[in-house]
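Here's the letter readout for the chains.
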Amino acid sequence: LVPMVWAGGGAGGMVTEDAFERIAGELIAALSQALPVDAVYLDQHGAMVTAGYQDADGELLRRVRACVGPDVPIVASLDYHANISPEMVAHTDALVAYRTYPHVDRRETGARAAAAIELMLERGRPDGRAFRSLGFVVPSHQQPTAMEPTRSFVDACIAGETGDVFNLSYLGGFRLSDIHHCGVSVVASAWTQAAADAAVDAVAEEILRREAEFDEPMLMPDDCAREAISIAAKSSKPVLICDPQDNPGGGGSGDTTGMLAALVRNGAEGAVVGTMHDAAAATAAHAAGVGAELTLDIGGKADLPENEPFHGQFTVLALGDGRMRTTGPVVGGRDIDIGATALLGIGGVKVLVTEKRVQAYDQSLFRHVGVEPKDQKILGLKSAVHFRGDFGPLAEKVLVIKAPGGCPADPRDLPYQNLKLGTRLGPKGPPFLPNR
């Protein structure tokens, strides 16, 4: 095995041209020095965009193919939210995607990619590659793979890997990428072209038949808070509120205050909101110390519509240095550092404030400041779906709040300019038309 380069960054804006060219250049240089090679494996996300390349993953794969030539197998593993392009398919021999969202099968996906490489080392490059774009985008909170209809699409891919078909992947797409090839897709690799085409067509037909079944309702903030309070009053398990429009995992600022304000305004008790990205508030809490009373403007720092700071008198309940080891199934076993943390209380609501932006994907974030998630009445989580991996088993019910944020859940609320004409904005949604 000859390692080349590894780099990672959280979801946000476009990758800079400088970063892309430096990293791609280092990778191609390392690959060139290692030639000849038997095969190439790439661990990509699949939704990278730069100012110069809408399909940056496809461009990277093009350069790798140009480096190694037409005969060397190339396999890439991808995130479930990859936006697949014809170029990505043309320059590779297998695109192996996660089958879970929350993503808890990273290791298994790597093993599947390794198995594909092993097959090709034995049999050579496959003759069949197929790709179908389904022509619509789906909000993230409607995509969990434990829920229908997505579960059936994933199961169909698993069942479809038989005979000549050795890779069949369903991908939910990343709706927040304003690019031509954005949306739901299916991709296959097989020893014959006919087998690859038949495999993707079978899954694609099932997706189109059930397109309208993508449906996870969102509640306006006050309605959501009142329903959570009502359910929590009758339950011994916490009610989870997810805030998908301020999901740091999708590039959200993590500092919008709609969920916090609604819970406080409606008199919630035993509620914890996290994580709220506000370095200034965390610093102020550390300076004041545990037990101090502070008047603070929390959150609302990002320049987003309707994103106002939450003003109030808070009690500093606990402090942390932000260094911990995660324990859950989504990102378990990692040593992370989210900077100074503070647990602040106002009425019956607590809010976990962090120096660095982080998605609420692991219970360790709350335990770090002495909060045991299962003992809370309400957990308000800055996440779209990944929270379900660690917090989902605790829940009496999951509610989805439509609070302001930088990651609009409804594709009709996004200012697309570059989508393929006619792409449906949401399942069975209206077709995209530029400058609408």
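Values in this document were obtained by computation on a predicted structure and should not be read as measured data.

I'm lost on the overall build of the protein chain in this one. Help?
Scanning the protein chain for helices and strands turns up 11 helices and 18 strands. A globule of 436 residues ought to have a C-alpha radius of gyration of about 22 Å, and the protein chain, at 23 Å, matches this closely. Dimensions along the principal axes, computed over C-alpha positions, put the protein chain at roughly 70 × 45 × 45 Å. Relative to its 436 residues, the protein chain shows a buried fraction of 56%. Long-range pairs, those at least 24 residues apart, make up 70% of the contacts in the protein chain between residues at least 6 apart in sequence. Accessible surface for the protein chain amounts to roughly 17,900 Å². Of this, 52% is attributable to carbon and sulfur atoms.

Please explain unusual backbone geometry as it appears in this structure.
Backbone phi values are negative for most residues with the exception of glycine, while trans is the configuration of most peptide bonds. Residues Leu-35 and Pro-36 are joined by a peptide bond in cis, for which omega reads 0 degrees. Mapped onto the fold, Pro-36 is located in the loop between α1 (17–34) and β1 (40–43). Here the amide bond leading from Gly-274 into Thr-275 is cis, since omega sits at -10 degrees, within 30 degrees of zero. Despite not being glycine, Glu-306 shows a phi value in the positive range, around 65 degrees.

Help me out: how do you make sense of the sheet that holds strand β4 (residues 128–133) in this one?
Strands sit in the order β4-β7-β6 across an open sheet of 3 strands; the sheet is antiparallel. Strand pairing shows two members of the sheet lacking a second neighbour, β4 and β6 (165–171), which therefore form its edges. Pairwise comparison of adjacent strand axes, ignoring direction, gives a mean angle of 10 degrees for this sheet. As defined by bridge partners, β6 adjoins strand β7 (residues 185–190) across 6 bridges and the pair is classed as antiparallel. Within the sheet, the bridge partner assigned to Asn-167 lies in β7 and is Ser-189. Docked against the sheet, helix α6 (residues 193–209) engages β4, β6 and β7, running at close to 20 degrees with respect to β4.

Please clarify how the packing of helix α5 (residues 150–160) against α6 should be interpreted in this entry.
The axes of two packed helices give the description: the angle between them and the distance between them. Following both chains from N to C, one finds α5 and α6 inclined at 170 degrees, their axes separated by 10 Å at the closest point. On the basis of their axis angle, the class for α5 and α6 is roughly antiparallel. Here α5 contributes Phe-153, Ala-156 and Cys-157 to the contact with α6, which in turn contributes Val-203, Glu-206 and Ile-207. Partitioning the contact of α5 with α6 into residue classes produces 5 nonpolar, no polar and 1 charged.

Can you walk me through the sheet that holds β1 in this structure?
Sheet strands pair by backbone hydrogen bonding; their relative direction is either parallel or antiparallel. As summarised here, the arrangement of the 3 strands in space is β1-β2-β3, forming an open sheet in which the pairing is parallel. Two strands lie at the open edges of the sheet, namely β1 and β3 (94–97), each paired on one side alone. The average angle at which neighbouring strand axes cross in this sheet is 20 degrees, direction not considered. With 4 bridges joining them, β1 and strand β2 (residues 74–78) adopt parallel strand pairing. Looking across to β2, one finds that Leu-42 is bridged to Ala-76. Relative to the sheet, helix α4 (residues 106–123) contacts β1, β2 and β3, its axis offset from that of β3 by approximately 160 degrees.

Any chance you could explain helix α7 (residues 221–232) here in plain terms?
The α-helix winds at 3.6 residues per turn, so residues separated by three or four positions along the chain end up facing the same way. Taking 1.5 Å per residue, 12 residues should reach 16 Å; α7 reaches 16 Å between its end C-alpha atoms and fits that length. Looking at the buried positions of α7, the neighbouring elements they touch are β8 (239–242), α8 (258–265), β16 (378–381) and β17 (397–400).

Looking at this structure, how should I read the packing of aromatic side chains?
Geometry of an aromatic ring pair is reported as the spacing of the ring centres plus the angle between the planes. Scanning all chains against the criterion turns up 10 aromatic pairs. Arranged with centres 5.6 Å apart and planes meeting at 50 degrees, the rings of Phe-20 and Tyr-53 form a pair that is tilted. On the criterion of sequence distance, the pair formed by Phe-20 in helix α1 and Tyr-53 in the loop between β1 and α2 (56–68) is long-range, its members being 33 residues apart. A residue is classified by how much of its surface remains accessible, and Phe-20, at 4% relative accessible area, is buried.

Rules used in this analysis
Residues numbered from 1 in each chain as written. Predicted model: local features only at pLDDT ≥ 70, side-chain atom pairs only at ≥ 80, totals over all residues. Heavy atoms only, no water. Helix = DSSP H or I, 4+ residues; strand = E, 2+ residues; numbered from the N terminus. Rg over C-alpha atoms; globule rule 2.2 N^0.38 Å. Buried < 20%, exposed > 50% of the residue type's maximum accessible area, 1.4 Å probe, protein only. Contact = heavy atoms within 4.5 Å. Areas by Shrake-Rupley, 256 points an atom, 1.4 Å probe, with all protein chains shown as cover. Pairing = 2+ DSSP bridges. Axes fitted to C-alpha atoms, helices over the stretch in contact; angles between N-to-C directions. Parallel < 35°, antiparallel > 145°, perpendicular 65-115°, else oblique. Nonpolar A, V, L, I, M, F, W, Y, C, P; charged D, E, K, R; others polar. Expected span 1.5 Å × (residues − 1). Phe/Tyr/Trp six-rings, centres within 6.5 Å; stacked < 30°, edge-to-face > 60°.

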